[in-house]
Amino acid sequence: MTNLQSEIKRRKTFAIISHPDAGKTTITEKILYNGGVIREAGEVKGKSGKKAATSDWMALEQQRGVSITSSVMQFDHKGFRINLLDTPGHVDFGEDTYRTLMAADSAAMLIDAAKGVEKQTRKLFEVCSKRKIPIFTFANKMDREGKDPLELIDDVESTLGIKCIPITWPMGMGDRFKGLFHRVEKSIYLYKLGQEDPEVIPVTGWQDELVKKYLPEEFYDKFAEDMELLDVAVGDVDMESFLAGEVSPMTFGSAKNNWGVDIFLKMFIDLAPGPAGYMSQNKELVDPLSKNFSGFIFKIQANMDKRHRDRVAFLRVCSGRFERGMKVTHQRLNRELRLSYANQFQAQDRETVEEAFAGDIIGIVDTGNYQIGDTITDGKKLKFQDMPRFSPELFARLSIKDPLKKKQLQKGVQQLAEEGAIQIFIDPIVGDQDPIIGVIGELQFEVLLYRLNDEYKLNVKLEKMPFAVARWPRHKPGGLPLSQTERLKGSARTFIDKSGHLVALLSSEWDQGWLEKENPEVSFHTSEGL
Ligand code: G4P
């Protein structure tokens with residue numbers, strides 16, 4: 001195996017998905033702690049402390065107590081290089097999360113054991129299952145009274161349609177939680193409040209007397225009953241089904257107390273797949289182990305450091321090796337660029353990266369060349385599949401009192417659209433000076449106004465528009481999108497999206513019915529590019 005191949009094979013890139021408050025920030029911190037990246041718990045957490053503020057506009061994030069930005073962290077553990085992609089916790093930023101998941105090879109689904117599968121988890125799970133990426137499940141907050149573990153599994157299976165394979169089983173719950181029985185290793189992990197490492201005791205199986213010794217008596221009968229059931233109903237993790245996203249290895253614990261995070265990390269290292277191949281628009285599967293460098297931009301974040309007014313484009317390396325200073329071809333612009341400055345992220349620190357391999361995420365300092373979905377290669381003509389855009393649900397026009405600032409506003413809006421923070425739709429009559437802004441949730445409007453004010457010093461007013469959905473028409477058959485010079489029959493209001501395609505904005509989902517009747521030769525899609 002060449003050095004290139006072994007470097008690529010030791011990459012594991014994943015994201016954590018969960019409903020807000022399930023404990024994602026806490027478990028991220030504990031994963032970094034167990035991975036040896038941070039020495040002290042409390043270094044990452046950003047909600048109450050200020051340590052995690054990587055950008056000034058995270059001030060808003062702190063005010064609102066929600067995680068808005070996605071960050072990427074990289075660390076080495078047991079010979080593997082792990083890239084952990086953080087996803088925004090708020091449902092209004094679902095699209096950002098979707099794009100982040102496009103750059104991950106697996107996902108860990110975190111569930112609050114008392115609440116089971118919550119709304120946001122369900123939505124994010126749907127995204128994972130569309131991409132068919134493997135999913136791990138971690139049932140958190142076992143230090144509190146929660147649902148019966150079998151009930152929790154049933155909840156996951158019935159709501160998400162994925163079969164759970166518990167590799168551990170909780171011994172007790174809440175105040176009486178003692179530890180975990182590891183079904184695969186045949187050992188018990190005993191956790192104590194305030195104790196760094198668990199006591200690990202090998203056993204012959206769940207029937208072992210030692211299990212009885214450590215498990216509070218009132219739990220034993222139920223535990224034995226569950227174990228008998230699992231022995232019959234649940235086998236080992238079948239790798240093929242796991243990689244296809246059909247079964248999910250599951251474990252339990254408490255992120256806050258650092259219980260079970262060690263087991264999770266080990267399970268992750270053992271089972272998580274390395275970099276997957278990505279499909280090009282010409283249906284060519286790009287081999288990650290190929291010598292040729294390629295990657296795509298999945299996220300753009302402006303003004304991470306306001307003092308430098310910089311913008312960072314996050315690139316997922318899909319194949320080969322990135323080297324600092326290398327010449328690459330920007331496929332959309334058909335232009336050669338030199339990648340001189342790229343960063344990698346460790347906890348909250350950025351450092352210049354000399355080289356990176358398929359599976360890694362690098363942040364490229366961007367002076368305005370990149371858009372989400374752009375493909376970069378070391379010369380080969382190649383375009384990865386487009387990042388889908390979902391239908392916004394809220395629409396508005398922006399107005400500004402000072403006419404001299406109109407140009408500035410246009411620039412700000414353009415940049416935020418390139419970042420994927422908003423979508424813009426151009427009215428063919430009005431032109432692009434005054435686009436319609438579309439977002440998925442109210443909080444995105446708030447962030448938009450905040451950022452226009454904070455970063456561009458623009459005091460902007462928002463005028464809501466009476467639209468509720470966007471529909472992208474495509475020709476039947478063939479599926480080609482309608483271009484801006486084509487027209488729909490009937491009275492639908494049509495606009496032009498950023499790719500120059502026609503899009504209909506409707507005041508309700510129900511309007512799609514008459515649109516379809518009037519245009520039988522066209523199909524209407526809820527997203528661009530899916
Ligand atoms: P999020 O990023 O998914 O939104 O969740 P976060 O980690 O911020 O955790 C949300 C709350 O849940 C926090 O409490 C956190 O301490 C708590 N939590 C996380 N893991 C566990 C766990 O295993 N057991 C218990 N009992 N609680 C857990 P908070 O009150 O909002 O903040 P804090 O004051 O505790 O930091």
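Calculation notes
- Residues numbered from 1 in each chain as written.
- Predicted model: local features only at pLDDT ≥ 70, side-chain atom pairs only at ≥ 80, totals over all residues.
- Heavy atoms only, no water.
- Pairing = 2+ DSSP bridges.
- Helix = DSSP H or I, 4+ residues; strand = E, 2+ residues; numbered from the N terminus.
- Axes fitted to C-alpha atoms, helices over the stretch in contact; angles between N-to-C directions.
- Phe/Tyr/Trp six-rings, centres within 6.5 Å; stacked < 30°, edge-to-face > 60°.
- Buried < 20%, exposed > 50% of the residue type's maximum accessible area, 1.4 Å probe, protein only.
- Polar contact = N/O pair within 3.5 Å; in protein donor to acceptor, adjacent residues only side chain to side chain.
- Contact = heavy atoms within 4.5 Å.
- Salt bridge = Lys/Arg side-chain N within 4 Å of Asp/Glu carboxyl O.
- Core = buried A, V, L, I, M, F, W, Y, C linked by side-chain atoms within 4.5 Å.
- Domains from an automatic or database assignment.
- Near = heavy atom within 4 Å.
- Areas by Shrake-Rupley, 256 points an atom, 1.4 Å probe, with all protein chains shown as cover.
- Expected span 1.5 Å × (residues − 1).
- Arc of directions from axis to C-beta.
- Parallel < 35°, antiparallel > 145°, perpendicular 65-115°, else oblique.

Caption draft 1: Highlighting the sheet that holds strand β10 (residues 199–202). Spatial ordering of the open sheet is given by β7-β8-β9-β10, a layout of 4 strands whose pairing is antiparallel. The open sheet is flanked by β7 (168–171) and β10, the only strands paired with a single partner. Within this sheet the neighbouring strands show an average axis-to-axis angle of 20°, counted without direction. Here strand β9 (residues 187–190) runs beside β10; their pairing, made up of 4 bridges, is antiparallel.

Caption draft 2: Looking closely at the packing of aromatic side chains. All told, the structure shown has 22 aromatic pairs when counted by the stated rule. Taking 6.1 Å as the distance between ring centres and 90° as the angle between the ring planes, the aromatic pair formed by Phe-138 and Phe-264 counts as edge-to-face. Of the two residues, Phe-138 is situated in strand β5 (residues 135–140) and Phe-264 in helix α10 (residues 261–271); the sequence distance between them amounts to 126 residues. The residues Phe-138 and Phe-264 share a single accessibility class, namely buried.

Caption draft 3: Region of the structure containing the side chain of Ser-254. Note on placement: Ser-254 falls in the loop between β11 (247–252) and α10. Within polar-contact distance, the side chain of Ser-254 engages the side chain of Asp-143 at 3.5 Å. Dropping the residues within four chain positions of it, Ser-254 is found in contact with Phe-138, Asn-140, Lys-141, Met-142, Asp-143 and Trp-259.

Caption draft 4: Quick peek at the pattern of salt bridges. Evaluation of the coordinates by the stated rule reveals 27 salt bridges. The closest approach of N and O atoms between Glu-218 and Arg-176, which form a salt bridge, is 2.9 Å. Linking Glu-218 in helix α8 (residues 217–233) with Arg-176 in the loop between β7 and β8 (179–182), this pair joins segments that are 42 residues apart in sequence. Arg-176 sits in the partly exposed class, given a relative accessible area of 34%. Between Arg-324 and Glu-354 there is a salt bridge whose closest N-O contact spans 3.2 Å. In this pair, Arg-324 is assigned in the loop between β16 (321–323) and β17 (326–330) and Glu-354 in the loop between β20 (349–352) and β21 (355–357), connecting sequence segments 30 residues apart. In this structure Arg-324 comes out as partly exposed when scored by relative accessible area, which is 38%. Each of the salt bridges in this network shares a partner with another, and the network as a whole consists of Glu-7, Arg-10, Arg-11, Asp-76, Arg-81 and Asp-360.

Caption draft 5: Summary view of the nonpolar core. In this structure, Phe-14, Ile-31, Phe-136, Phe-181, Phe-223, Phe-264 and Tyr-370 are the most contacted members of the largest nonpolar core, which totals 113 residues. The greatest single-element share of this core, amounting to 8 residues, is contributed by α10. Residue-level mapping places this core at the junction of two domains, with at least three residues from each of domain 1 (10–271) and domain 2 (278–377). Discounting residues that sit within four places of it in the chain, Phe-223 has contacts with Trp-169, Pro-170, Met-171, Phe-181, Trp-206, Val-211 and Leu-215. The next biggest cluster of nonpolar side chains, apart from the first, holds 17 residues, and it includes Leu-398, Leu-409, Ile-437 and Tyr-456.

Caption draft 6: Examining the site of the ligand more closely. In the neighbourhood of the ligand, 17 residues make up the surrounding shell, with Asp-21, Lys-24, Thr-25, Thr-26 and Ser-254 lying closest. A distance of 2.7 Å separates an oxygen atom of the ligand from a polar atom in the backbone of Asp-21. With respect to the ligand, the backbone of Lys-256 contributes an N or O atom lying 3.2 Å from an oxygen atom. For the ligand, whose free accessible area comes to 710 Å², the fraction covered by protein is 73%. Here the shell around the ligand gets 3 residues from one element, more than from any other, and that element is helix α2 (residues 24–34).

Caption draft 7: Just helix α5 (residues 119–131), in detail. Here α5 is 13 residues long and its end C-alpha atoms lie 19 Å apart, about the 18 Å a rise of 1.5 Å per residue gives. Of all the positions in α5, only Gln-120, Thr-121, Leu-124, Phe-125, Val-127 and Cys-128 are classed as buried. In an axial view of α5, the angular spread of the buried residues amounts to 155°, which keeps them on one side of the axis. Those residues of α5 that are exposed and aimed more than 90 degrees away from the buried face are Lys-119 and Lys-130. Note on α5: the residue one or two positions beyond its end, Lys-132, has a positive phi of about 55°.

Caption draft 8: Representation of the packing of α2 against α10 in the model. Where α2 contacts α10, the two axes come as close as 10 Å, and the packing angle between them is 75°. Relative to α10, the element α2 is oriented roughly perpendicular. On α10, the residues touching Ile-27, Lys-30, Ile-31 and Asn-34 of α2 are Val-261, Asp-262, Phe-264 and Leu-265.

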